[in-house]
Amino acid sequence: MKYARIATDDGPVAGRYEDGVVHTDDGVYEVDTEAAFLPPCEPSALYCVGRNYAATLDQMAYERPDEPTFFIKPPASLVGHEDPIPYPGFSDEVTYAGELAAVIDDPCRNLSEDEVPEVVRGYTILNDMDALDQENLPARKAFDASGPLGPWIETAVDPTDIDMHTDVAGERRQEANTERMLFDPYEIIAFLSRRFTLRPGDVISFGSPANPGLVEPGDTVEITYDGVGTLRNTVVDSSEREMLPLE
């Protein structure tokens, strides 16, 4: 089942998504005509794992980690499916990363790997935007609109064996399968739960395959995970940051 959040004239609503329609307790809404996609959850934080594919280690000349390495994006990094991504005005070297992400359903901590499926609402897609020329990881990863998320949450998918690809301006840039992860999604969620209390709506992403190339204003980034969906956003001029909502 797909679960989506959308913006309507009645305010944000959420429900089951099927064939372009969101079914809620109060009625149905057609996406694109009556509503637009919002990020499919409201996280207190986005926990993002890096260095989780061997090809990425080779590309970036990283050492193989002994345990998952991670950083945190704030809620201000979120935008939804089809929302524009303002190019950060402080950077000249911005890239993308097509990542599978889990959405937590129940408050939890200190999980075993076997317990993880019980607390996961489902899976969605994150574009982990990165301003490579900044000096430290928060400056690179945590700017406004650096975390496009969506389009929905898929509740019926095996995260350990999913084909994915990323197209930028119509060019295939990434192609891989989640079975190539160094640490699988269950390992990662259990690992993070020993460090943080995870809350409903929190997002945990699992890293990106090797990522050749940068993006420029005008480029559309499409990230597809089979059985989950396609997240699509277009990079726009930095001046459009002022159009992002303040709430």
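Residues numbered from 1 in each chain as written. Predicted model: local features only at pLDDT ≥ 70, side-chain atom pairs only at ≥ 80, totals over all residues. Heavy atoms only, no water.

*Asks:* I keep staring at the overall build of the protein and nothing clicks. Help me out?
*Replies:* Helices and strands together make up the secondary structure of the protein, namely four helices and 19 strands. Its C-alpha atoms give the protein a radius of gyration of 17 Å, within 12% of the compact-globule value 18 Å for 247 residues. Principal axes of the C-alpha set define a box for the protein whose edges measure 50 × 45 × 30 Å. Look at the contacts in the protein between residues 6 or more apart in sequence, and 72% of them connect residues 24 or more apart. As presented, the protein carries roughly 11,400 Å² of accessible surface, and 44% of it is formed by carbon and sulfur atoms. The averaged location of the 49 negative side-chain charges in the protein is 5 Å from the averaged location of its 18 positive side-chain charges. (Helix = DSSP H or I, 4+ residues; strand = E, 2+ residues; numbered from the N terminus. Rg over C-alpha atoms; globule rule 2.2 N^0.38 Å. Contact = heavy atoms within 4.5 Å. Areas by Shrake-Rupley, 256 points an atom, 1.4 Å probe, with all protein chains shown as cover. Lys, Arg positive; Asp, Glu negative; His and termini not counted. Charge placed at Lys NZ, Arg CZ, Asp CG, Glu CD.)

*Asks:* Even after reading the chapter, I still don't get the environment of Ala-176, so can you show me in this structure?
*Replies:* Locating Ala-176 in the fold gives a position in strand E16 (residues 171-177). Judged by its relative accessible area of 8%, Ala-176 falls in the buried class. Ala-176 sits 34 residues away from Ala-210 along the chain, and the two C-alpha atoms are 8.9 Å apart. Not counting chain neighbours up to four residues away, the residues in contact with Ala-176 comprise Tyr-53, Ile-162, Asp-163, Met-164 and Pro-209. (Buried < 20%, exposed > 50% of the residue type's maximum accessible area, 1.4 Å probe, protein only.)

*Asks:* Teacher, can you tell me more about the sheet that holds strand E15 (residues 163-168) here?
*Replies:* Whether parallel or antiparallel, the strands of a sheet pair through hydrogen bonds between backbone atoms. Reading across from one edge, E9-E19-E18-E15-E16 is the order of the five strands in this open sheet, with mixed pairing throughout. Each edge of the open sheet is held by one strand with a lone partner, namely strand E9 (85-86) and E16. Examined bridge by bridge, strand E18 (residues 220-225) and strand E19 (residues 229-236) share six bridges and lie antiparallel to one another. Directly across from Thr-220, in E19, lies its bridge partner Thr-234. (Pairing = 2+ DSSP bridges.)

*Asks:* What am I meant to see in the side chain of His-81 here?
*Replies:* Structurally, the position occupied by His-81 is in the loop between strand E8 (78-79) and E9. Residue His-81 is classed as buried on the basis of its relative accessible area of 9%. In terms of polar contacts, His-81 uses its side chain to reach the backbone amide nitrogen of Arg-232, at 3.1 Å. Contacts of His-81, omitting those with residues within four sequence positions, involve Phe-37, Leu-149, Pro-151, Thr-230, Leu-231, Arg-232 and Asn-233. (Polar contact = N/O pair within 3.5 Å; in protein donor to acceptor, adjacent residues only side chain to side chain.)

*Asks:* Looking at this structure, I do not really get the packing of aromatic side chains. What am I missing?
*Replies:* Between two aromatic rings, the relevant description is the distance of the centres plus the angle of the planes. All told, the structure shown has seven aromatic pairs when counted by the stated rule. Look at Tyr-17 and Trp-152: their rings are 4.7 Å apart centre to centre, the planes differ by 20°, and that puts the pair in the stacked class. Pair noted here: Tyr-17 is in strand E2 (residues 11-18) and Trp-152 is in strand E14 (residues 147-154), with a separation of 135 residues, a long-range link. Per residue, the accessibility class of Tyr-17 equals that of Trp-152, and both read buried. Members of the aromatic cluster, each reached through a chain of ring pairs, are Tyr-47, Phe-70, Phe-191 and Phe-196. (Phe/Tyr/Trp six-rings, centres within 6.5 Å; stacked < 30°, edge-to-face > 60°.)

*Asks:* It is not clear to me how the pattern of salt bridges should be interpreted in this structure. Could you clarify?
*Replies:* Pairing is possible between side chains that carry opposite charge, provided their charged atoms lie close to one another. Applying the stated rule across the entire model yields 14 salt bridges. As a salt-bridge pair, Glu-222 and Arg-232 come within 2.7 Å of each other at their nearest N and O atoms. Of this pair, Glu-222 sits in strand E18 while Arg-232 sits in strand E19, and the two are ten residues apart along the sequence. Judged by its relative accessible area of 27%, Glu-222 falls in the partly exposed class. Overlapping salt bridges, with partners in common, bring together Lys-73, Asp-128, Asp-130, Arg-140 and Lys-141 in one network. (Salt bridge = Lys/Arg side-chain N within 4 Å of Asp/Glu carboxyl O.)

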